[in-house]
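# Structure at a glance
The lines below spell out each chain.
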Amino acid sequence: MSDGAVDRKGVPVRLDKVSFSYGEAPIAFDVAFAAAEITAIMGPSGSGKSTLLNLVAGFETPQSGRVLIGGTDVAAVPPAARPVSMVFQENNLFAHLSVEQNVGLGRSPSLRLTEADQAAIAEALERTGLGGKEKRLPRELSGGERQRVALARVLVRDRPVLLLDEPFASLGPALRDDMLDLVAGLHAERGMTVLFVTHQPQDAHRIGQNVVFLDNGTVAAVGSADDFFAGAGPEAFRRYVGESAGNAVSRDIARKPT
Amino acid sequence: MQRADPRISAGIIALAAITLLIGGAFAGLLVEGAHDLSGAWAAFDPYLLRVVRFTLWQAILSTLLSVIPALFVARALSRHPRFFGRAFILQLFAVPLALPAIVAALGILALYGRAGYFAGVFSAIGGQGWPGIYGLSGILVAHVFFNLPLATRLFLEALRTIPADQWRLANQLGMGALSAFRLIEWPTLRAALPGVAGLVFMLCITSFTIVLTLGGGPAATTLEVGIYQALRFDFDPARAVALTMLQIALTFVVVLVLTRLGANVVGDTNLPVAPRRYLSVNGTETTLNAVLIVLALLFVVGPMAATVMAGLGADLGRLAGEATVRQATLTSAVLAFLSALLAVMLSLALTMARRALALNRRAGPKTLLEHTTDTGASFVLVVPPIVIGAGWFLLLRHAGDVFAIAPVMVVTVNAVMAMPFALRAVRPAYDAASERHERLCAQLGISGWARLRLVDWPSLRRPLATAFAFAMALSLGDLGVIALFGSDSVQTLPYLLLARMGSYRTEDAAGLALLLGLVCLALVLAADWLGREKVRNV
């Protein structure tokens, strides 16, 4: 990645001996995410991927340990005040509000928008390929377009950390690639720290610079994406990814957009 | 994360208001009882025992007469999942739920009363003058009119839960109607029976208007009517306290038994939809079922038709011009509107608080507050409106003019009584919306007023309107509280109707009943329609 285009830097995210338990499965994370890089978080179902993002976003509170964003302990900071934006797999939009309003909520939670806000919203919609669809309702959009609206809102919110919780899992392969490229493009412009939960090795390899592999509620392995997909990852990761990954990777390497 | 959520504060305020209303009533009763302890004891005389016995007796008979036929009508309807007019019959069976009791009572009198449409027929059969159906028979007919359709719909819903595969299997094994009933239908019905019978029993034991209008004398008086008479006619507060205490004890025991049986004390207004069935019904059974359904239909439609016919026979033009009628209509409309508004606000506050508490709690055990906002709310139904009214009546009679607070009592008591029904409309919608929006709102910092305006209001508009219309219909038709507090200066339509009946101006009463019935029906239909239209989700 060329650093020349980056005018705003992401901040590092760290989970310092965080423990958490929801029901029975205990969770213990001790991991750091490099600033301004895209880290793919992978692991089997129930390994704690979404919980990790929820802890960073502030939807869950650790039982012990600290969550540090940009070096600051955010324990007392409510979700909206954290320097974080998050895109969920679904329900990212309010069904009764227009595209424009849904994006506008990223600027003002009461939708009181200044002219500067309006300009930023229009620009974000243009950038995410939604120009001309400002007045539409979410139900008049395709699944991919809805996630574009969510990404446009991320742009106007302009926070240094972006959390992606399998946002493209329900899209078809081609559409998913387009969306990944869009995320990679936004990352190139804004340089935010991206934590990207995905089940798809291809996705992780397509835009991920690092990989954090979770297993059974702990961090099982950390490394660069290139190492992981070159077969240097841990045994558990290779078993999780299976045979298909190797093929997918070799096909995708040439198209990696960064 | 654990800062005070305004939603929880709203719930606490709502609970405090409800507690004040019910607590005040109990305080009134206790103060009065302590004031005249010997008088209260002396009130436990043979007459009182007779009243208790009659209360139980009419409720048992009403329950049996409603529930047993309902079993077979429901079965007949379930054996024929598709025929012309089936949906319409089920719609008609929902109408009694919407009709104010006093309107139904009038319809029954117009049909079977001494001067009713059937009086000539009955006189010819009996060989002597038809005395009309006052007393126990009148009460029973009215209770069955209300509860047979209700029980039928509930049983039908139970039968609908039988998996289609069981029917396919029964068909393949060549089960006849009797074996299918014994092996498939009866086990399901038996499971639903205690709940349905319990609900009907509860409704009959707390029935006020029917007994007041059709009871026709001291021989057929229940506890609730006794409370009313003690306060309004004999002015015997000690007796009122004794009767109220008995009524509370009785409903408490009934509800305790009901909850043990797993009964749903709130009832339901949903229409069962016919599923695909694999049935073979032979000719004899079809005829039998048809006869059953037609009989039940005639029984339910009769009083409704009589209400309409008698109402159209009234001098509606003159009634509409009468100042008293206009005033009562206006009073009813305003009070019912305020009552519905209050009911909706209470239920919304409780819903939001319950959800917020559940979200804060995560996996831990429920707190007492959450329990109270959850199931606790529907237990207000245990306290009959007459009891709350009587308590406040006794408390306030020392403080000045009791009748001056009539509007406040009517609005608040009816609002609290309608609240459990409103909750059922509002809560699922709010919880579903919250499920979708909660994290997004937290992430974007949308809270308080902005959240209500931008997020909650759009998804709650329709369910709130449903709850409002239903609460307004309930409040509009209520005769319980206004019977105690009504006076010449504050009259609602049901109160005026009762007064006209009392002074034998039957035609006027019929006209008013038609008006009241139509308005309530329109409101409930609106509530149903608003509730059915689904909000599209992303």
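Moving on to the overall build of chain A. When helices and strands are tallied, chain A shows eight helices and ten strands. Every one of the 258 residues in chain A was classed for burial, and the buried ones make up 51%. Accessible area for chain A stands at about 10,700 Å²; split by element, carbon and sulfur atoms hold 48% of it.

So, on to the overall build of chain B. Helix and strand content of chain B: 22 helices and zero strands. Taken against the 2.2 N^0.38 rule, which gives 24 Å for 538 residues, the C-alpha radius of gyration of chain B at 24 Å falls within 12% of a compact globule. Dimensions along the principal axes, computed over C-alpha positions, put chain B at roughly 80 × 75 × 50 Å. For chain B, restricting intrachain contacts to residue pairs at least 6 apart in sequence, the fraction spanning at least 24 positions comes to 83%.

Let us look at the interface of chain A and chain B. Listed by partner, the interface residues are 32 residues for chain A and 21 residues for chain B. Buried surface at the junction of chain A and chain B, both sides included, amounts to about 2,500 Å², of which 62% is carbon and sulfur. Put simply, chain A and chain B have zero salt bridges between them. Summed over the shared surface of chain A and chain B, the result is six residue pairs in polar contact (both at pLDDT 80 or more). Counting only elements with at least two residues in the side of chain A that touches chain B, the list comes to strand E6 (84-87) and helix H4 (143-157) of chain A. Partitioned by chemical class, the residues of the side of chain A that touches chain B number 15 nonpolar, ten polar and seven charged.

What follows covers the pairing of strand E7 (residues 161-165) of chain A. Residues and elements named next belong to chain A. Extensive coverage of E7 is indicated by the burial of five of its five residues. What you see with E7 is no split at all: Val161, Leu163 and Asp165 on one side and Leu162 and Leu164 on the other are buried throughout. Bridge count between E6 and E7: four bridges; the pairing is parallel. Residue pairing for E7: valine 87 is matched across the bridge by leucine 164. Relative to strand E8 (residues 193-197), E7 runs parallel, the two sharing five bridges. Across the sheet, residue valine 161 finds its bridge partner in E8, namely threonine 193. Read from E7 through helix H5 (residues 173-190) to E8, the crossover connection turns out right-handed.

Moving on, we come to the side chain of asparagine 414 of chain B. In this structure, asparagine 414 of chain B sits in helix H18 (residues 406-444). With near-sequence residues (within four places) excluded, asparagine 414 of chain B lies in contact with Ser339, Met409, Ser475 and Asp478 of chain B.

On to the nonpolar core. Phe155, Ile388, Phe485 and Leu497 of chain B are the most contacted members of the largest nonpolar core, which totals 151 residues. With 14 residues, helix H7 (residues 136-160) of chain B is the largest single contributor of residues to this core. Ignoring any residue separated from it by four or fewer positions in sequence, one finds leucine 497 of chain B in contact with Ile102, Leu106, Ala509, Leu512, Ala513 and Leu516 of chain B. Counting residues in each nonpolar core, the second largest holds 38 residues, with Phe33, Val74 and Val212 of chain A together with Leu440 of chain B among its members.

Attention now goes to the packing of aromatic side chains. Residue and element names in this part refer to chain A. Scanning all chains against the criterion turns up 13 aromatic pairs over all chains. Between the aromatic rings of phenylalanine 228 and phenylalanine 237, the centroid separation amounts to 4.7 Å while the plane-to-plane angle is 80 degrees, which identifies the pairing as edge-to-face. The class of phenylalanine 237 is buried, set by a relative accessible area of 2%. Cluster of aromatic residues (ring-pair linked, three or more members): Phe213, Phe228, Phe229, Phe237 and Tyr240.

All names here are of chain A. This structure, assessed with the given rule, holds 30 salt bridges over all chains. Across the salt bridge formed by aspartate 16 and arginine 66, the nearest N and O atoms sit 3.1 Å from each other. Of this pair, aspartate 16 sits in strand E1 (residues 13-22) while arginine 66 sits in strand E4 (residues 64-69), placing them 50 residues apart in sequence. Under the relative-accessibility criterion, aspartate 16 is labelled buried at 11%. Here glutamate 235 ties to arginine 239 by a salt bridge, and the two come within 3.6 Å at their closest N and O atoms. Of this pair, glutamate 235 and arginine 239 both sit in helix H8 (residues 235-252), separated by four residues, roughly a single helical turn. Here arginine 239 falls in the exposed class, since its relative accessible area comes to 60%.

For the rest of this paragraph, the subject is the packing of helix H1 (residues 6-35) of chain B against helix H15 (residues 323-361) of chain B. For any two helices packed against each other, one specifies the crossing angle of their axes together with the interaxial distance. Residues and elements named next belong to chain B. Running from N to C, H1 and H15 point in directions that differ by 130 degrees, and their axes come no closer than 7 Å. Relative to H15, H1 is oriented oblique. Between H1 and H15 the crossing geometry is left-handed. Residues Arg7, Ile8, Ala10, Gly11, Ala14, Leu15 and Ile18 of H1 form the contact with H15, whose participating residues are Leu346, Ala349, Leu350, Met352, Ala353, Ala356, Leu357, Leu359 and Asn360.

All right, on to the confidence of the model for chain A then. In low-pLDDT segments, the atomic positions of the prediction should not be examined closely. Residues and elements named next belong to chain A. Averaged over chain A, the pLDDT score is 86; the fraction of residues at 70 or greater is 90%. Mean pLDDT values over the elements of chain A span from 62, in H8, up to 95, in E8. Taken as a whole, residues 1-7 scores under 50 in pLDDT and shows eleven contacts with residues more than four places along the chain or in a different chain. In this model, residues 244-258 is a region of pLDDT below 50 whose contacts with residues beyond four sequence positions or in other chains number 17 contacts.

Let us look at the packing of H7 of chain B against helix H13 (residues 283-313) of chain B. All names here are of chain B. The geometry of H7 relative to H13 is characterised by a closest axis approach of 10 Å and an angle of 120 degrees between their N-to-C directions. In terms of orientation, H7 lies oblique with respect to H13. H13 is crossed by H7, and the crossing has left-handed handedness. Counting all contacts with H7, which are made through Val141, Val144, Phe145, Leu148 and Pro149, the residues of H13 involved are Ala296, Phe299, Val300, Pro303 and Met304. Among the residues making up the contact of H7 with H13, the classes are represented as ten nonpolar, no polar and no charged.

What follows is about unusual backbone geometry. Residue and element names in this part refer to chain A. The phi dihedral of glutamate 166 falls on the positive side, at around 45 degrees, and the residue is not glycine. Take glutamate 166: it is sitting in the loop between E7 and H5. Since its relative accessible area comes to 16%, glutamate 166 is described here as buried.

With that out of the way, let us pick up the environment of leucine 90 of chain B. All names here are of chain B. By the element assignment, leucine 90 lies in helix H4 (residues 86-98). For leucine 90, a relative accessible area of 2% gives the class buried. Each C-alpha atom of the pair leucine 90 and leucine 297 lies 9.6 Å from the other, and the pair is 207 residues apart in sequence.

Of the residues in chain B, 92% have a pLDDT of 70 or more, and the chain-wide mean is 82. Within the model, the stretch residues 265-276 of chain B combines pLDDT values under 50 with 39 contacts to residues more than four positions away or in other chains.

Residue and element names in this part refer to chain B. Within this structure, the stated rule accounts for zero disulfides over all chains. No disulfide involves cysteine 204; its sulfur sits 20 Å from the nearest other cysteine sulfur, which is in cysteine 520. Note on cysteine 204: relative accessible area 0%, which makes it buried. Judged by its relative accessible area of 0%, cysteine 520 falls in the buried class.

Turning our eyes to something else, we now look at the side chain of arginine 176 of chain A. Positionally, arginine 176 of chain A belongs in helix H5. Those residues within four positions of arginine 176 of chain A in sequence are excluded, and the remaining contacts are Phe168, Leu171, Gln200 and Asp203 of chain A.

A few words now on a nonpolar patch on the surface. Residue and element names in this part refer to chain B. A cluster of nonpolar side chains, contributed by Leu330, Val334, Phe337, Leu338, Leu341 and Met345, occupies part of the molecular surface with about 540 Å² of accessible area. Assignment of secondary structure puts leucine 341 in helix H15. By relative accessible area, which is 36% here, leucine 341 ends up partly exposed.

What counts and how
Residues numbered from 1 in each chain as written. Chains lettered and ligands numbered in written order. Predicted model: local features only at pLDDT ≥ 70, side-chain atom pairs only at ≥ 80, totals over all residues. Heavy atoms only, no water. Helix = DSSP H or I, 4+ residues; strand = E, 2+ residues; numbered from the N terminus. Buried < 20%, exposed > 50% of the residue type's maximum accessible area, 1.4 Å probe, protein only. Areas by Shrake-Rupley, 256 points an atom, 1.4 Å probe, with all protein chains shown as cover. Rg over C-alpha atoms; globule rule 2.2 N^0.38 Å. Contact = heavy atoms within 4.5 Å. Buried area = accessible area lost by both parts, 1.4 Å probe. Salt bridge = Lys/Arg side-chain N within 4 Å of Asp/Glu carboxyl O. Polar contact = N/O pair within 3.5 Å; in protein donor to acceptor, adjacent residues only side chain to side chain. Nonpolar A, V, L, I, M, F, W, Y, C, P; charged D, E, K, R; others polar. Pairing = 2+ DSSP bridges. Right-handed = clockwise from strand over helix to strand, strands pointing away. Core = buried A, V, L, I, M, F, W, Y, C linked by side-chain atoms within 4.5 Å. Phe/Tyr/Trp six-rings, centres within 6.5 Å; stacked < 30°, edge-to-face > 60°. Axes fitted to C-alpha atoms, helices over the stretch in contact; angles between N-to-C directions. Parallel < 35°, antiparallel > 145°, perpendicular 65-115°, else oblique. Left-handed = near helix turned anticlockwise from the far one by under 90°. pLDDT = per-residue confidence, 0-100. Disulfide = S-S within 2.5 Å. Patch = residues over 30% accessible without salt bridge, like charges linked within 9 Å, V, L, I, M, F, W, Y side chains within 5 Å.

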